[in-house]
Amino acid sequence: MSAVTIPYKLQLRREARSEHLFRFMTMAAALLVLALLAGVLLALLYGGWPALKTFRFGFLTSTIWNPVTDQFGALAPLYGTVITSLLAMLLAVPLAFGIAIFLTETCPMWLRSPISTCIELLAAVPSIVFGIWGLFVLAPVLQHTVQPWLIDTLGDLPAIGKLFRGPPYGIGLLTAGFVLAVMVLPFITSVMREVFLATPRSLKEAAYGLGATQWEVIWDVVLPNARAGVVGGIMLGLGRALGETMAVTFVVGNAHRISGSLLAPGTTISASIANEFTEAVGRLYTSSLIALGLLLFVLTFIIIAAARLLLMRLEARGAHV
Amino acid sequence: MTGNLRRRRVIAAIALGASGLATLLGLAVLAAILWTLFSRGLGGLSWQVFTQTTPAPGSSGGLINAIYGSIVMTLLGLAIGAPIGILAATYLSEYGRGARLSTVIRFINDVLLSAPSIVIGLFVYTLVVLTMGHFSAIAGAISLGIIVIPVTVRTAEDMLRLIPSSLRQASAGLGAQPWRTITSVVYPAARSGLLTGVLLALARISGETAPLLFTALNNQFWSAKLNQPMANLPVVIFQFATSPYKNWQSLAWTGALLITLFVLVLSILARLMSNLFGPDESSIE
């Protein structure tokens, strides 16, 4: 063996050198994670700079998106991104809450693991599959049943009626919101489930001892106790929804405009980039799309960072999120 | 008093019933997606799919160039991202445990984990595609590799932390340097856990479309050149599904079925493995 043939001191020196090298490599890899984030920001800033310099703040406030006259504004895609994500949250949060309650409180023990596995498998389905399903299956269903019903029942209401007018296209902001809701559902559910499970047993038992019903225990004990985690999970889902690309590109309609109705086609930041980037001709067009990417990155970064901070603080308190 | 109690019980029953319905709805959506995939994708599944390249509109063909491209770029992406991810996780769990820098890196890593993948595509476009002057398979692989890194860092760190410190101390007591302890004691002990992490990363990138759109682009023909645009399943599905041609749409469904089955099997496998060897992977969002 080498220890016999190589002088002892030489081997020690070799070990020390390997130690330095290995330590350096792990450190470099860890720092690369930081460099990636900085790199993404810098690259997007560099690529989007011509557009930002040309349009300045107008980029954020203009709805004009005209490749022919080389005029670009981010307001329409930004509006679509925010509206579709909020719609998704509106639909997904109550559902996720229900599923998390079911999985932690009412579901028979032997069913918990299979059901939560199935819900989490929803998160594994590739985004493009949600897109193709949304376009060919969900959109026709919405067009023929849900949307006409919405137009008939809500379309004539004074304030919110405006949101539900116009022809039922099938594709549009509402459909994108539906698909996004399904996609973020497993993420929100899994965070909620974890924080609900972390409720101290003694708190729940004390409430039951006072005569509370199961629902009162959930609503008045479990939920308030898990508040921070629930908010963190919702924001994590929101971050996902804001940046989701392929599924939305299929169903949002890809129209650069802001219309009052949720049924109308629109676009989102990610869908605009996915659709137009390879076809974008001219420096300003490409640059505007990259600037859109920068806007999206900053937006999701803020939301996700806030969510992670909330969840990290919980984790420090012992919850396994 | 009794009336009040009955009211409270009714509310409880309604609320809990609604939570059961919510669960049914969630499961129904998964079932609906799988059913659609099978009913529309299974019909187009034949040997042709695995032997012929993507066809022109209206003629017959398969997906072999796209399948080949997806495999090549996914494996390359893993080869790029997984070692970096495991090394970074090694720093977080071994050398930098408790260090302030580790907290920052962990936080940034979690943010990257949920960052929009299309932004990664834009990043690689400005960094690689513009430098090379054209789209290429290697650019696609790099963007997939970048997505692999945060997934691997997160799982690998969790797995490495599970290794009891008594093992490390025993190794150190024998006079081993930390690097030798890590490579000869900690890594082998965490092997299945690390593999689980890599499987999860593989599942995550197999269906990724957005970062490939303007890095690898697509290729109508057979191409094995890494510095040329390369066909890949997700982008082919996107292009074919949004086309008006029936044969293209049918191939898109078949491709979607293939990808989904592959990803679901991988996810279930990874889940079984982590149930056997580590903490449940619900910690990986």
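Our structure is the block above this text.
Residues numbered from 1 in each chain as written. Chains lettered and ligands numbered in written order. Predicted model: local features only at pLDDT ≥ 70, side-chain atom pairs only at ≥ 80, totals over all residues. Heavy atoms only, no water.

Colleague: Is there a simple way to explain the overall build of chain A in this structure?
Modeller: In terms of regular secondary structure, chain A is built from 13 helices and two strands. Here the C-alpha radius of gyration of chain A, 25 Å, is well above what a compact globule of 321 residues would show, namely 20 Å. If you line up chain A on its principal axes, its C-alpha atoms span 90 × 70 × 35 Å. The long-range fraction of contacts in chain A, counting pairs at least 24 apart against all pairs at least 6 apart in sequence, stands at 74%. Charge-centre separation for chain A: the mean point of 20 positive side chains lies 13 Å from the mean point of 15 negative side chains. (Helix = DSSP H or I, 4+ residues; strand = E, 2+ residues; numbered from the N terminus. Rg over C-alpha atoms; globule rule 2.2 N^0.38 Å. Contact = heavy atoms within 4.5 Å. Lys, Arg positive; Asp, Glu negative; His and termini not counted. Charge placed at Lys NZ, Arg CZ, Asp CG, Glu CD.)

Colleague: What am I meant to see in the overall build of chain B here?
Modeller: Broken down by element type, chain B carries 12 helices and zero strands. Seen in sequence order, chain B has helices and strands lined up from the N terminus as α-α-α-α-α-α-α-α-α-α-α-α. Counting only C-alpha atoms and orienting by the principal axes, one finds that chain B spans roughly 70 × 70 × 35 Å. Excluding contacts between residues fewer than 6 apart, the proportion of contacts in chain B whose partners are at least 24 apart in sequence is 74%. Accessible surface computed for chain B: about 11600 Å², of which carbon and sulfur atoms make up 68%. (Areas by Shrake-Rupley, 256 points an atom, 1.4 Å probe, with all protein chains shown as cover.)

Colleague: Would you take a moment to explain the side chain of E208(B) for this structure?
Modeller: Residues and elements named next belong to chain B. Relative to the elements of secondary structure, E208 occurs in the loop between α9 (191-206) and α10 (210-213). Taking the relative accessible area as the measure of exposure, E208 reaches 11% and is therefore buried. Only 3.1 Å separates the side chain of E208 from the side chain of S117, close enough to count as a polar contact. Ignoring any residue separated from it by four or fewer positions in sequence, one finds E208 in contact with S117, L144, I147 and P234. (Buried < 20%, exposed > 50% of the residue type's maximum accessible area, 1.4 Å probe, protein only. Polar contact = N/O pair within 3.5 Å; in protein donor to acceptor, adjacent residues only side chain to side chain.)

Colleague: I would appreciate a short explanation of the packing of aromatic side chains in the present structure.
Modeller: Two numbers describe a pair of aromatic rings. These are the distance of the centres and the angle of the planes. All names here are of chain B. Under the counting rule described, the total for this entry stands at 19 aromatic pairs over all chains. A centroid spacing of 6.3 Å and a plane angle of 65° characterise the contact between W47 and F50, whose relative ring orientation is edge-to-face. Residue W47 and its partner F50 are both found in helix α2 (residues 47-51); the two are separated by three residues, about one turn of the helix. Among the residues examined, W47 registers a relative accessible area of 71% and is labelled exposed. (Phe/Tyr/Trp six-rings, centres within 6.5 Å; stacked < 30°, edge-to-face > 60°.)

Colleague: Would you mind showing me how to read the environment of S39(B) here?
Modeller: By secondary structure assignment, the location of S39(B) is in helix α1 (residues 2-41). Placed 215 residues apart in sequence, S39(B) and T254(B) show a C-alpha to C-alpha distance of 9.8 Å.

Colleague: Mind showing me how you'd approach the state of the cysteines here?
Modeller: Each disulfide consists of a covalent bond between the sulfur atoms of two cysteine residues. By the definition in use, this model includes zero disulfides over all chains. The thiol of C107(A) is unpaired, and the distance to the nearest cysteine sulfur, on C118(A), comes to 11 Å. (Disulfide = S-S within 2.5 Å.)

Colleague: Would you explain unusual backbone geometry in this entry?
Modeller: All names here are of chain A. Within the chain, R56 stands out as a residue other than glycine whose phi angle is a positive 45°. Relative to the helices and strands, R56 is located in the loop between α2 (8-55) and α3 (58-61). Judged by relative accessible area, which is 62%, R56 ranks as exposed. If you check the backbone angles, D70 has positive phi at about 60° while not being a glycine. Mapped onto the elements, D70 comes out in the loop between β1 (65-66) and β2 (71-72).

Colleague: Mind showing me how you'd approach the interface of chain B and chain A here?
Modeller: Put simply, an interface is often sized by how much accessible area is lost when its parts join up. Contact with chain B, which involves 85 residues of that partner, is made by 87 residues of chain A. When chain B packs against chain A, close to 7600 Å² is buried across both sides, 79% of that on carbon and sulfur atoms. On inspection of chain B and its partner chain A, the count reaches three salt bridges. With its nearest N and O atoms 2.7 Å apart, the salt bridge here joins R180(B) to E15(A). In terms of residue count, the dominant contributor to the side of chain B that touches chain A is α1(B) (20 residues). Partitioned by chemical class, the residues of the side of chain B that touches chain A number 55 nonpolar, 20 polar and 10 charged. (Buried area = accessible area lost by both parts, 1.4 Å probe. Salt bridge = Lys/Arg side-chain N within 4 Å of Asp/Glu carboxyl O. Nonpolar A, V, L, I, M, F, W, Y, C, P; charged D, E, K, R; others polar.)

Colleague: Whenever I open this one, the pattern of salt bridges confuses me. Can you help?
Modeller: Once their charged atoms are close, side chains differing in charge can pair, the charge on each being opposite to the other. Residue and element names in this part refer to chain B. By the definition in use, this model includes 12 salt bridges over all chains. D110 is the partner of R154 in a salt bridge, and the nearest nitrogen-oxygen pair spans 3.1 Å. Residue R154 is found in helix α6 (residues 137-162), and its partner D110 is found in helix α4 (residues 100-113); the two are separated by 44 residues along the sequence. Residue class for R154 comes out buried when judged on its relative accessible area of 8%.

Colleague: Help me understand the environment of L185(A) in this model?
Modeller: Looking at the element boundaries, L185(A) is found in helix α7 (residues 173-197). The spacing of L185(A) and A96(A) is 89 residues in sequence and 5.8 Å in space, taken between C-alpha atoms. For L185(A), the residues in contact, after removing those within four places along its chain, are A92(A), L95(A), A96(A), I99(A), L122(A) and G26(B).

Colleague: Honestly, a nonpolar patch on the surface in this entry has me stumped. Any pointers?
Modeller: All names here are of chain B. Taken together, the side chains of F38, L42, L45, W47, F50 and L261 present a nonpolar region at the surface, about 590 Å² in accessible area. For L45, the location among the structural elements is in the loop between α1 and α2. Overall, L45 belongs to the partly exposed group, its relative accessible area being 32%. (Patch = residues over 30% accessible without salt bridge, like charges linked within 9 Å, V, L, I, M, F, W, Y side chains within 5 Å.)

Colleague: Mind showing me how you'd approach the packing of helix α10 (residues 227-243) of chain A against helix α13 (residues 283-316) of chain A here?
Modeller: In a pair of packed helices, the angle between the axes and the distance between the axes together describe the arrangement. Residues and elements named next belong to chain A. Contact geometry of α10 with α13 gives a least axis separation of 8 Å together with a crossing angle of 160°. Put simply, α10 runs roughly antiparallel to α13. Note on packing geometry: the crossing formed by α10 with α13 is left-handed. From α10, A228, G229, V231, G232, G233, M235, L236, L238, G239, L242 and G243 reach across to α13, where they touch L296, L299, T300, I303, I304, A306, A307, R308, L310, L311 and L314. Broken down by class, the residue content of the contact of α10 with α13 amounts to 15 nonpolar, six polar and one charged. (Axes fitted to C-alpha atoms, helices over the stretch in contact; angles between N-to-C directions. Parallel < 35°, antiparallel > 145°, perpendicular 65-115°, else oblique. Left-handed = near helix turned anticlockwise from the far one by under 90°.)

Colleague: Just checking my understanding: could you explain a positive patch on the surface for this structure?
Modeller: Side chains of K9(A), R13(A), R14(A) and R17(A) sit close together on the surface and give a patch of like positive charge. Secondary-structure assignment places R17(A) in helix α2.

Colleague: Looking at this structure, I do not really get the nonpolar core. What am I missing?
Modeller: Soluble globular proteins tend to pack their nonpolar side chains together in the buried interior. One finds F130(A), I132(A), M192(A), F196(A) and I273(A) to be the most contacted residues of the largest nonpolar core, which totals 187 residues. For this core, the element with the highest residue contribution is α13(A), accounting for 15 residues. Once residues within four sequence positions are removed from consideration, I132(A) is found in contact with V137(A), F250(A), I237(B), A241(B), A252(B), W253(B) and A256(B). Counting six residues, the second-largest nonpolar core is a separate cluster that includes L150(A), F164(A), L262(A) and L263(A). (Core = buried A, V, L, I, M, F, W, Y, C linked by side-chain atoms within 4.5 Å.)

Colleague: Would you mind showing me how to read the packing of α2(A) against helix α8 (residues 178-189) of chain B here?
Modeller: Interaxial distance between α2(A) and α8(B) falls to 7 Å at its minimum, and their mutual angle equals 70°. Judged on the interaxial angle alone, α8(B) and α2(A) are roughly perpendicular. In this structure, α2(A) uses E15(A), S18(A), E19(A) and F22(A) to contact α8(B), whose residues at the interface are P178(B), W179(B), R180(B), I182(B), T183(B) and Y187(B). Residue classes in the contact of α2(A) with α8(B) are distributed as five nonpolar, two polar and three charged.

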